[in-house]
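These are the residues of each chain, in order.
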Amino acid sequence: MNLFSFNLVKSTFSNIKSNKQLFLLSVATNFIAFTVLGVFFLLFVNLDILFSSWDKHIQLVVYLDDKISNSNKKKIELLFNSNNKINSIIFISRDQAWENFRGKFSSKSKFVTSLKFNPLPDSYTLSFASGSDRLKNIRDFSEKIKNEKGVESVEYGEKWISRFEQFMIFLKGFILTFGVVLFSGMILIISNTIKLSIYSRKDEINLMTLLGATHHFIKAPLLLEGVLQGVTGALLSLVTVKLIHLYIVFWFQGSLESIFRGFDFQYLTNPIIYSVISTGIIIGVLGSSLSANQFLNRRNSE
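Quick notes on the rules
- Residues numbered from 1 in each chain as written.
- Predicted model: local features only at pLDDT ≥ 70, side-chain atom pairs only at ≥ 80, totals over all residues.
- Heavy atoms only, no water.
- Helix = DSSP H or I, 4+ residues; strand = E, 2+ residues; numbered from the N terminus.
- Rg over C-alpha atoms; globule rule 2.2 N^0.38 Å.
- Buried < 20%, exposed > 50% of the residue type's maximum accessible area, 1.4 Å probe, protein only.
- Core = buried A, V, L, I, M, F, W, Y, C linked by side-chain atoms within 4.5 Å.
- Contact = heavy atoms within 4.5 Å.
- Pairing = 2+ DSSP bridges.
- Axes fitted to C-alpha atoms, helices over the stretch in contact; angles between N-to-C directions.
- Phe/Tyr/Trp six-rings, centres within 6.5 Å; stacked < 30°, edge-to-face > 60°.
- Salt bridge = Lys/Arg side-chain N within 4 Å of Asp/Glu carboxyl O.
- Polar contact = N/O pair within 3.5 Å; in protein donor to acceptor, adjacent residues only side chain to side chain.

Caption draft 1: Main features of the overall build of the chain. For the chain, the helix and strand inventory stands at ten helices and four strands. Beginning at the N terminus, the succession of helices and strands in the chain can be written as α-α-β-α-β-α-α-β-α-β-α-α-α-α. Over its C-alpha atoms the chain spans a radius of gyration of 31 Å, topping by over 25% the 19 Å that the globule rule assigns to 302 residues. Taken across its 302 residues, the chain has 38% of its residues classed as buried.

Given below as structure tokens:
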């Protein structure tokens, strides 16, 4: 460590020690803000994982009209076979579908056993190849096949998928907006903390200027102090979110696995963790630079 680095670290921690309460208050405020944002990120990450796991189990069911002709049926089958995104095709006759339905619900409902006719149609269950565009392939083929003659309807859970996607878009937008508000607020908090630190050392800074200290030399400890405030708050929030993650896993993982078919509740992804730490550094630099530049510019104009 060279002399400048040593003096930088020494001066920074001296400033922190002199304004301990202000430093801790800024760290605590940043910690709370990052923790709230981290909890939203935790929710978003796991909902995204949950949707991805559901996506793997989505199948397209094509229901046929009872009066479909053999030529139209063969044409539909040809469309199935010509699509290289389809992994498997399972034909379920209306008699087989009715037998399966009665086997599941006859013991639960007398209405089912009282029916004297079969209301169910023939159908095909299509499984699509896995991949990032799997749901898009299902949607595209669904739009194509539903207009074919002999097709009564298609089903793949379009309504709940669309609602879930809309909710994820809303949540992403909310996190982004909330993050921008918090980002601006944290910059102002660090800026005000550094401003109070500057005014408590005003005479010392004036003396340093008279002795020929450059703006860079004066600003460096203030920038480092701001970065420490931002990064400390960010790191403490990541630890807290991890504790929340562990708590949920310890108490609710079994229930989540049984409800959502083996779903494993995850912690934040590495890109999000790095983004939180980077954001702590950025708000520290911006907040401290704002106050330091205002003070030095005002002093030069006097």
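What follows picks up the thread again.
Caption draft 2: Quick peek at the nonpolar core. Counting residues in hydrophobic clusters, the biggest one holds 58 residues, and the most contacted among them are L60, V62, F80, L126, F141, I145 and L268. Top element by residues in this core is helix α7 (residues 158-200). It accounts for eleven residues. Excluding its chain neighbours within four sequence positions, the residues that come into contact with F141 are L60, L79, F80, N83, I86, L126 and F128.

Caption draft 3: Geometry of the sheet that holds strand β4 (residues 151-155). The strand order across the open sheet formed by four strands is β2-β3-β1-β4, and the pairing between neighbours is antiparallel. Both outer strands of the open sheet, β2 (86-92) and β4, are each paired with one neighbouring strand and no more. Neighbour-to-neighbour, the strand axes of the sheet open up by a mean angle of 20 degrees, direction not taken into account. Sheet topology note: the strand β1 (residues 60-64)/β4 ladder contains four bridges and is antiparallel. Among the inter-strand pairings, V61 is bridged to a residue of β4, identified as E155.

Caption draft 4: Geometry of the packing of aromatic side chains. Counting across every chain of the model gives twelve aromatic pairs. Plain terms: the ring middles of F40 and F178 are 5.7 Å apart, the flat faces sit at 70 degrees to each other, and that makes the pair edge-to-face. One end of the pair, F40, is in helix α2 (residues 20-57); the other, F178, is in helix α7, with 138 residues separating them in the sequence. Ring geometry for F170 and F174: centres 6.3 Å apart, planes at 25 degrees, overall stacked.

Caption draft 5: Molecular detail of the pattern of salt bridges. Under the counting rule described, the total for this entry stands at four salt bridges. With its nearest N and O atoms 3.7 Å apart, the salt bridge here joins E148 to K75. Within this pair, whereas E148 is found in the loop between α6 (134-145) and β4, its partner K75 is found in helix α3 (residues 70-82), the two being separated by 73 residues in sequence. K75 sits in the partly exposed class, given a relative accessible area of 47%. The salt bridge involving R139 is made with E165; its shortest N-O contact spans 2.5 Å. Linking R139 in helix α6 with E165 in helix α7, this pair joins segments that are 26 residues apart in sequence. Given a relative accessible area of 24%, R139 falls into the partly exposed group.

Caption draft 6: Summary view of the side chain of S26. By secondary structure assignment, the location of S26 is in helix α2. For S26, a relative accessible area of 0% gives the class buried. Reaching out from S26, the side chain makes a polar contact with the side chain of Q229 at a distance of 2.5 Å. When neighbours within four sequence positions are excluded, S26 is seen to be in contact with I189, I190, T193 and Q229.

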